[in-house]
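# Notes for the structure review
Listed here are the chains, written in short residue letters.
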Amino acid sequence: MTMAARLKAPGWYRAALGLIIGFGVGMGIDVGLRALYGWHPLVDWTAIVTVGLISSPFGFLIGIGCFDYWFRWASGAPTVPEDHSGHGARSWRDYFRVNTDHKVIGLQYICTTFFFFVVGGVMAMVMRAELAAPGTQFISPNTFNGLFSVHASLMIFLFIIPVFAGIANYVIPLMIGAPDMAFPRLNALSYWLLPIGGIIMLLSFLAPGGSFSTGWTAYAPLSTHMPLGQTFFNIAIQFAGASSIATALNFLVTIITMRAPGMTFWRMPLLVWANFTTSLLVVIATPFIAGSQFFVLFDRTLGTHFFDPSRSGDVLMYQHVFWFYSHPAVYIMMLPGFGIVSEVISTHARKPIFGYRMMAFSLMAIVVLGFTVWAHHMFVSGMFPWLRVPMMLTTMLIAVPTGIKIFSWLATLWRGVIHLRTPLLFALGFITMFTLGGISGIMLAVIPFDIHVSDTYFVVAHIHYVLFGGSVFTIFAGIYHWFPKMTGRMYDETLGRIHFWLSFVFFNLTFGPMHLVGIDGMPRRVADYAHQYATLNAIISISAFIFGLSFLVFVYNIVASWRHGPLAEGNRRRADRGRRPIRVRGAGSGARGVQGEGTGGRRVRSHGRHDRMSAQPHRILVVANETVGGRALIETVKRRAEEAHERGEPFEVTVICPQNEPRSGYVIYEDSVRKAAENRLATTLGQLREVGIEADGEVMDPDPYSATMDAIATYGADEIIISTHPGTRSGWLRRDLIDRVREDSGLPVEHLVVDLDADRAHMTRTLVVANQTVGGGPLIELLKRKGTEGPHNFVVILPQGEGGEHGDAEARLAHTLDLLHGAGLEAVGQVMDPDPFTAVQNALQFYPADEIVVSTFPDERSGWLRSHLIERIKASTSKPVEHVVVTAEQAREGATA
Amino acid sequence: MESASVAVEHAAEHEHHGPPPANRSSRVEAQFLGMLLFIISEVMLFGSFFTAYFFIRVVGHAHWPATGTKLPVAVAGVNTAILVSSSLTMHWALLSAKNENRFGMRAGLASTFLLGVTFLTVQINEYVHVGFAPHDHAQGTIFYGLTGLHGAHVFVGLNLLLFATIRAFRGHFNAKEHRGVEVPGIYWHFVDVMWIVVYTTIYVI
Ligand code: HEM
Ligand SMILES: [Cu+2]
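Notes on the structure follow. In this text the structure is predicted, and so the values were computed from the model without any measurement.

### Description of the overall build of chain A
Within chain A, the regular secondary structure consists of 30 helices and 11 strands. Residue burial in chain A is summarised as follows: out of 897 residues, 60% are buried. Once local pairs closer than 6 in sequence are excluded, the contacts in chain A between residues at least 24 apart make up 79%. Carbon together with sulfur atoms contributes 64% to the accessible area of chain A, which is approximately 33,800 Å² in total.

### Things to note about the pairing of strand 2 (residues 618-624) of chain A
All names here are of chain A. Burial analysis of strand 2 places 6 of its 7 residues in the buried class, the great majority of the element. Relative to strand 3 (residues 651-658), strand 2 runs parallel, the two sharing 6 bridges. By the bridge assignment for strand 3, valine 622 is matched with valine 655. In terms of strand pairing, strand 2 meets strand 5 (residues 719-724) through 5 bridges, oriented parallel. Paired with leucine 621 across the strands is isoleucine 720, a residue of strand 5.

### Some remarks on helix 2 (residues 30-59) of chain B
Here helix 2 of chain B spans 41 Å end to end across 30 residues, near enough to the 44 Å set by a 1.5 Å rise per residue. At the exit of helix 2 of chain B stands B:His61, carrying a positive phi of roughly 50 degrees.

### What about the pattern of salt bridges?
Oppositely charged side chains can pair when the atoms bearing their charge come close. Residue and element names in this part refer to chain A. Under the defined criterion, the tally for this structure stands at 8 salt bridges over all chains. In this structure, arginine 34 engages aspartate 44 in a salt bridge whose closest nitrogen and oxygen atoms are separated by 3.7 Å. Taken together, the positions of arginine 34 in helix 2 (residues 12-37) and aspartate 44 in the loop between helix 2 and helix 3 (45-64) put the pair 10 residues apart, joining distant regions of the chain. For aspartate 44, a relative accessible area of 22% corresponds to the partly exposed category.

### Thoughts on the interface of chain B and chain A
The partner chain A presents 60 residues to the 52 residues of chain B that form the contact. Together, the buried faces of chain B and chain A total about 4,700 Å²; carbon and sulfur atoms form 70% of this surface. At the boundary of chain B and chain A, one finds 0 salt bridges. Here chain B and chain A share 10 residue pairs in polar contact (both at pLDDT 80 or more) between them. Taken together, the elements giving at least two residues each to the side of chain B that touches chain A come down to helix 1 (2-13), helix 2 and helix 5 (138-169) of chain B. In terms of residue count, helix 2 of chain B provides more of the side of chain B that touches chain A than any other element does, 18 residues in total. By residue class, the composition of the side of chain B that touches chain A is 26 nonpolar, 19 polar and 7 charged.

### As for the nonpolar core
All names here are of chain A. With 237 residues, the main nonpolar core has Phe114, Phe157, Trp409 and Phe476 as its most contacted residues. Ranked by residues supplied to this core, first place goes to helix 6 (residues 141-176) with 24 residues. Beyond its immediate stretch of four places on either side in the chain, phenylalanine 157 contacts Pro162, Leu194, Met201, Trp216, Ile237, Ala240, Ile289 and Tyr325. Listed in part, the 23 residues of the second largest apolar core include Leu783, Phe794, Ala809 and Leu817.

How each quantity is defined
Residues numbered from 1 in each chain as written. Chains lettered and ligands numbered in written order. Predicted model: local features only at pLDDT ≥ 70, side-chain atom pairs only at ≥ 80, totals over all residues. Heavy atoms only, no water. Helix = DSSP H or I, 4+ residues; strand = E, 2+ residues; numbered from the N terminus. Buried < 20%, exposed > 50% of the residue type's maximum accessible area, 1.4 Å probe, protein only. Contact = heavy atoms within 4.5 Å. Areas by Shrake-Rupley, 256 points an atom, 1.4 Å probe, with all protein chains shown as cover. Pairing = 2+ DSSP bridges. Expected span 1.5 Å × (residues − 1). Salt bridge = Lys/Arg side-chain N within 4 Å of Asp/Glu carboxyl O. Buried area = accessible area lost by both parts, 1.4 Å probe. Polar contact = N/O pair within 3.5 Å; in protein donor to acceptor, adjacent residues only side chain to side chain. Nonpolar A, V, L, I, M, F, W, Y, C, P; charged D, E, K, R; others polar. Core = buried A, V, L, I, M, F, W, Y, C linked by side-chain atoms within 4.5 Å.

This is the structure in structure tokens:
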């Protein structure tokens, strides 16, 4: 690429250019205005830097390509697809570009925020080194002030708040069954705004007078009189805040408008609820911190008087506006953690969360109450005295919903089947540490006590118990929990445990004693202290260093496991989509071969392989999903086989069937997805056998690309046949699967378009939906009648009842299939999502079907009819729907027939 | 092989660049809801400025307007009328788009844009003649703060209108596809309503 081309295409070259132009434009505006007003000096670097800090980031964003699409759109020009949804990143470089795939953005967020976590952590270490003994050790008091301010600001605005946005970006669309976020381009922009905020904060160290040093709270009028570094804070907050608002808006719209059918609000996982409520807080509260920083910025640069009492300004107004954001912000930093812990605990205790609705209600209660407590940060500020007691009471009240959550988690663990792995360890650590932080919070809500410990280390202890022992522990829990899903590999469990125990012990040794020195009166935010606090501070510093080192264990574990960790096992946890395939029997028992077998990490080998001919066979790899079993596919394979036969070559056919991402319902019904794929595969292998081809088959990773590449690596292939729906219906074509496979494997790839609707003429495929009535006489009779009318293929699905009757359902299904097979009909079946409507939607996605038969009890007895199931199915599909009524008696007879 | 061309053709066929179509779990449109949430956060931003106003004028009992200054209530009143009428023309544009009346849509958008520009010009003219500056006293600060914040919103709104107008003149939008008129319209109405609140609190009471 020539330099000119590089500068024209979105990317880092253009971004660098944009940065320079942006700064130039800012400088031009500034100098121009000063010339216009006749101000001196014409070139005032303070003013130029201020304007430049706003204009250069925009230059950067335009350069890197955040706005390309919108510019074309706005000018009415045809837009250019730059969409990455579905295929995400192909190499690590893609993570350094504007990318709209939610999984890529999730990882971009997580990695960026962890970078700032490390930087902020190093600053904490330097502070603790300085505080290890009384007097001045290494750094000047001013540097110390800068360090604690940047440390806290990075931790809050660049780590905790956005890392949750990152995790949520990754998992929320998957959890609610959405293909991506509602506004993928806005999502990319929100991400790119974030590092800008962090870098501006770090750059403040280069400003004359040092970095901003007013703490993360930046109270006026101190902040209005500080050197230039403070301006960096004002502006960095605007970028981080804009990023936060944009993501929150995106989450809200995604959750409200893009839930899969069947995913009602009251069925959403609690992490989704947590993110929903957090996003409400962000959208409503964050503009207040933006306002407060605008005021400070204007007072500093334009000479306004928001906070100048001598000109009728009001100093305390800053704290009101600031805390009206920043108290809700502590819940912005905590609620997503609550969601993560709910997921982790219920997964690792193998139990649904106790009091699910109460958990969701308490989140809502926190959102509302969170806006009524801000002035508990201002008890000593000299604000209206009458406001104090009400704020104390509301603060205590807000502990109630929080307490509900703690007890719900404990009740979930009670009598659970507890798997004490690293994520759960961190979740348990969270419960204890956060409870302690909550208790010191209640102490602080008590006005006389708060007056006593205001601005002491007691407050530092409190915030670290809630933020580190609370939020950061949940982040670790979440990262360990979803690591296998995000990377496809397992972390090292032993190192995880070591990381937990080191953190847990040294966290307490670091921050526990701070309560004591705080109550004794050691002031916070001061680089030096009285000799009486020396011993405890030495202990604190040493523990803090070990605590800091424990993070290296985490980093090593993550980096090493990501690169060469063992592949994560399928189905080990319901949330980890397995990468390791299960094999289904390729020959012999026909369609029923996989019926009723479990779906664990089982590998069944095909016997056909052992006695294969000695010459190197021609290996045909068939990749198909819903279209597996389509006639065109069977015929093509047959033709290929015949060709090989004519050449005198032995051949080998392997069919892989990447399992579907269900579009409907609760995504965690992983078993049924896999079962559906196994059934489809088994049917296909049966059909191939009918035309005389013994093939092997395997259900694989949902991502068709990686499934194909894995299969090539495992079995080898000489040619590949990929079968998809015709263009408009195929999700795979949208991901340019075929080109990627062809490019990356270098093998001949044939693309076969299978129009399942056209197959109809040869074979009618009937989807049968029934629960208790499944073996009932009238139903079986109807199916038999259909069977005599022409070639027919039946798929029987049983939406599994609530509670533990899965086993019963399996037995009923097996019995029914026996009846049908007995009558010479071709049928497969599976137990599915308990909600019959969702089950039908999923089944229609998994299996080709031409008609639907629903069987229920008569009107008055049928819960399905009462919920208008038939009408809803009819409304959702154009396929004919038949309804068969089976009485209770007939059903009982059928069950014993 | 035919496959590559299938994939390429598919991409070029229509302007669908998003992820695979999602299920619609709410009757509300995503773009509409997004704009609504954005407006909520904008209202809160105004809220923070009104808090400053409240502390200066109500809690601090500052003279309003500052002693020795006067606010041009009448001129601002005329300006209010201009902005309100621009909301009407905006509505006309949307109705026309829905009725496939291309002239009405273009004229509606263009006149809304011009009315908005007039509003801003009058506002700037007012700044020049009002007789005090933001750095004179807190009353001046918050006067410029609130009207300036609003002016910035008018400016953003004008940009959105400009995009919509350009697209309208380049042949976009019809009875089925008019979101590009509707969504900026919502924003414009918000800017209008917000002005009425600002006008009432700053000039009238
Ligand atoms: C090894 C870990 C950490 C250590 C040793 C540490 C240490 C410190 C120290 C020494 C201060 C200055 C206190 C003062 O002089 O007033 C401080 C302040 C602060 N830290 Fe940390 N920190 C750590 C991790 C974190 C994390 C993870 C967060 C974020 C969630 C955080 C949030 C804060 C905040 C918000 C303040 C400012 C409190 C205030 O005065 O308002 N810290 N930290
Ligand atoms: Cu608070």
